[in-house]
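# Structure at a glance
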Amino acid sequence: MLLSLAACARPAENAPENAPENAQEAAEANKYEDFNNHFMQRSYGGGTFRYVDTGDVLYFDRKYLVKETGECGYLCPKPDCTHDLQAFESGDCGAYWVMGYYGGKLYCKGPEAGNYWGALYSEELDGSDKQLVFEYFGTEDNCEAVKGIPYFHRGKLYYFSLNYTVVNAEPLTELLVSRVTPNQPGFDVLLDEKVPYSVHWHIFIKDKYLYILIDRSYRDDADEVHYAWELRRFDIDGETWEVVVTEEDAVGENRGFWITDDGEIWAVSWPYMDDDAGISDITEDVVKLVDGHFVKQWETRYTEEDGSPNSEITDGVIVTYYAKSDVRGNPDLLFRVRSFEGDLICEGYFTPEELRGEDAGFDFYDYKLVWADKNEFWMQQNFHKLIIKEDGRTYEGICILVGYGITENGFEKVFSEYDQMD
């Protein structure tokens, strides 16, 4: 896919038309109605990237990329539109933030009656014929539905949230999963549970199942820290929950997991560090579910030469960057891509993209992995500029989507385009 792309020019005026032409194409397109785990932000369970892949076209935030030709631009059918953030917030720009694909249509988040949270719209693949299908805070019924982070899967929105609360003077963690069906009022609560632990969780969506890997940390009577992992899944057809596995003595903090096409379950774990541990004690473990237990396969350690490791798990690979100083504002980070089994596939450094003249005042902020496999590496490069605005914002941001091919000689850039402006 990547090798056919070239760097995009400025926004094209006419967005693509890619609706399936026959039954076979329609059947092939159905797989793109599932949530694409490539676009899951994994390190801390921090939500999703606003990207949608329909096979021929990658939609990212408010833009599109035709894979075969490299054509890209804003997903706005309006001629002479500036496509900037002010035009979007005023409703003048027709390029909305993409969230999913279903039944031959895109689903996007756009403005509604000046509401910051906006509403969900359906539209044609060229950005035309927008139809309001769900107003986030438009009714009392919907107000409680949108707690947490939305995942668009097979035509429905699934919201996952984790909140800390106090009941009868006892601190608790509330796990909440709700579901919204566009064009239907109200919402369904799929899970509402309060547990007396410090909790992290990560999501993976595969076929008819929603998987949640819950990580609970607690101290025993001897004040020793322990981790318990529990993998649950929800059957969206049968409307039932199932505990897949419980690991009462896990190796550390859950940092994300991946389920392969063969059903193998891999994860990244952060072993607990005592209060007196130093930077040289930092390690990360890659673990695999074997006979009902998450078993350590290999580890990445701090070294004086490379720095501290920070790993994310994605499609068949572990991506690790190493930092010797503050990550923010530091472009000189070593990246390594390894297979799940620990074999080195590629390593190297990245150079921040060159900003356009009018954006020269923005400074490099950080890299953010979108997804990778053994052949491709996609990242966002973020740039910030300090400002003071009436609405309280203290910076403006530019985000650039960059794609690389993985070669014998390292990372080869094949795509770069402005993604969004905040």
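What you are looking at is a predicted structure, and each value in this text was computed from that prediction instead of being measured.

Now for the overall build of the protein chain. A count of helices and strands for the protein chain gives three helices and 28 strands. Burial analysis of the protein chain (422 residues in total) assigns 52% to the buried set. When contacts within the protein chain are restricted to residue pairs at least 6 apart in sequence, long-range pairs at least 24 apart make up 45% of them.

This next bit is on the sheet that holds strand β13 (residues 198-206). Strand order in the open sheet made by the four strands is β13-β14-β15-β16, with antiparallel pairing throughout. At either end of the open sheet lies a strand with only one pairing partner, and these are β13 and β16 (240-247). Sheet twist, expressed as the average angle between the axes of neighbouring strands with direction ignored, equals 20°. Pairing between β13 and strand β14 (residues 209-219): nine bridges, direction antiparallel. When the bridges of β14 are listed, W201 appears paired with I214.

Right, let's talk about the sheet that holds strand β20 (residues 293-301) for a bit. Strand pairing within a sheet occurs via backbone hydrogen bonds; the two strands may be parallel or antiparallel. Within the open sheet, the four strands sit side by side as β17-β18-β19-β20. Their pairing is antiparallel. Two strands bound the open sheet, and with one partner strand each, they are β17 (253-259) and β20. When strand polarity is set aside, the average angle formed by the axes of neighbouring strands in this sheet is 25°. With eight bridges connecting them, strand β19 (residues 283-290) and β20 associate as antiparallel partners. By the bridge assignment, V286 is partnered in β20 with W298.

On to the packing of aromatic side chains, then. Applying the stated criterion across every chain, the model contains 29 aromatic pairs. Here F160 and W201 contribute two aromatic rings whose centre-to-centre distance is 5.9 Å and whose plane-to-plane angle is 75°, an arrangement assigned as edge-to-face. Of this pair, F160 sits in strand β10 (residues 156-167) while W201 sits in strand β13; the two residues are 41 residues apart in sequence, bridging distant segments of the chain. No difference in accessibility class separates F160 from W201, as the two residues are buried. Aromatic side chains F377 and F411 sit 5.3 Å apart centroid to centroid with 65° between the ring planes, which places their arrangement in the edge-to-face category. Of this pair, F377 sits in strand β26 (residues 376-386) while F411 sits in strand β28 (residues 410-421), and the two are 34 residues apart along the sequence. With respect to class, F377 is no different from F411; both count as buried. Following the ring pairs from residue to residue traces out a cluster consisting of Y321, F335, F350, F364, Y367, F377, F383, Y404 and F411. Geometry around W97 places R50 over its ring, the cationic atom sitting 4.5 Å from the centre. When the ring centre of Y74 is taken as origin, the NZ or CZ atom of K63, which lies over that ring, is 4.6 Å away.

On to the pairing of strand β22 (residues 317-323), then. Where burial is concerned, most of β22 is hidden: six out of the seven residues are buried. Looking at chain direction, strand β21 (residues 308-313) and β22 are connected through six bridges and run antiparallel. Each residue of the ladder has a partner; that of P309, found in β22, is Y322. Hairpin connection, β21 to β22: the antiparallel pair is bridged by three residues, and G316 has positive phi, about 85°. Pairing analysis gives six bridges linking β22 to strand β23 (residues 334-339), with the strands arranged antiparallel. Residue pairing for β23: V319 is matched across the bridge by V337.

Note on placement: N37 falls in the loop between α1 (23-29) and β1 (51-53). Within polar-contact distance, the side chain of N37 engages the backbone oxygen of I205 at 2.6 Å. Those residues in contact with N37 that lie beyond four places of it in its chain are R42, F204, I205 and W258.

On to unusual backbone geometry. The phi dihedral of A169 falls on the positive side, at around 70°, and the residue is not glycine. Take A169: it is sitting in the loop between β10 and β11 (170-180). What makes A169 exposed here is its relative accessible area of 73%. Located in the positive-phi region is E239, a residue other than glycine, with phi close to 60°. Position of E239 among the secondary structure elements: in the loop between β15 (225-235) and β16.

In this section: the environment of V199. Within the secondary structure, V199 is located in strand β13. Overall, the relative accessible area of 2% leaves V199 in the buried class. Remark: the alpha-carbon pair of V199 and N254, spanning 55 residues in sequence, is separated by 9.8 Å. With residues up to four places along the chain from it excluded, the contact list for V199 reads L162, Y164, T173, L175, I214, D215 and R216.

Moving on, we come to the confidence of the model for the protein chain. Put simply, the protein chain has an average pLDDT of 84, and 84% of its residues get 70 or more. In this model, residues 2-7 is a region of pLDDT below 50 whose contacts with residues beyond four sequence positions or in other chains number 20 contacts. With pLDDT under 50 throughout, residues 9-13 is counted as low confidence; its partners more than four residues away or in other chains account for 17 contacts.

Definitions and cut-offs
Residue positions are given per chain, counting from 1 as you read along its sequence in written order. A pLDDT threshold of at least 70 governs which residues receive local features in this predicted model, and a stricter bar of 80 or more applies before side-chain atom pairs are shown or counted, although totals over entire chains, interfaces and linings include all residues. Think of the side-chain values as coming from all heavy atoms in the structure, minus any hydrogens and water. Secondary structure elements are defined from DSSP: runs of H or I of at least 4 residues count as helices, runs of E of at least 2 residues count as strands, and each element is numbered from the N terminus. A 1.4 Å probe rolled over the protein chains alone gives each residue an accessible area, and that area as a share of the maximum for its type sets the label: buried under 20%, exposed over 50%, partly exposed in between. Whether two residues touch is decided by their heavy atoms; if any such pair falls within 4.5 Å, the residues are in contact. By the convention used here, strands pair only if DSSP detects at least 2 bridges between them. Axes here mean lines fitted to C-alpha atoms, for a helix over just the part in contact, with angles spanning 0 to 180 degrees between N-to-C directions. The pairing test for Phe, Tyr and Trp rings, Trp by its six-membered ring, is centres within 6.5 Å, and the orientation test on the planes gives stacked under 30 degrees, edge-to-face over 60, and tilted for anything in between. Only when the NZ atom of a Lys or the CZ atom of an Arg is both within 6 Å of the ring centre and within 35 degrees of the ring normal do we say a charge sits over the ring. Pairing of N or O atoms within 3.5 Å defines a polar contact, subject to two protein rules: one partner must be a possible hydrogen donor and the other a possible acceptor, and residues neighboring in sequence count only if both atoms are side-chain atoms. Note on scores: pLDDT gives the predictor's confidence for each residue, bounded by 0 and 100.

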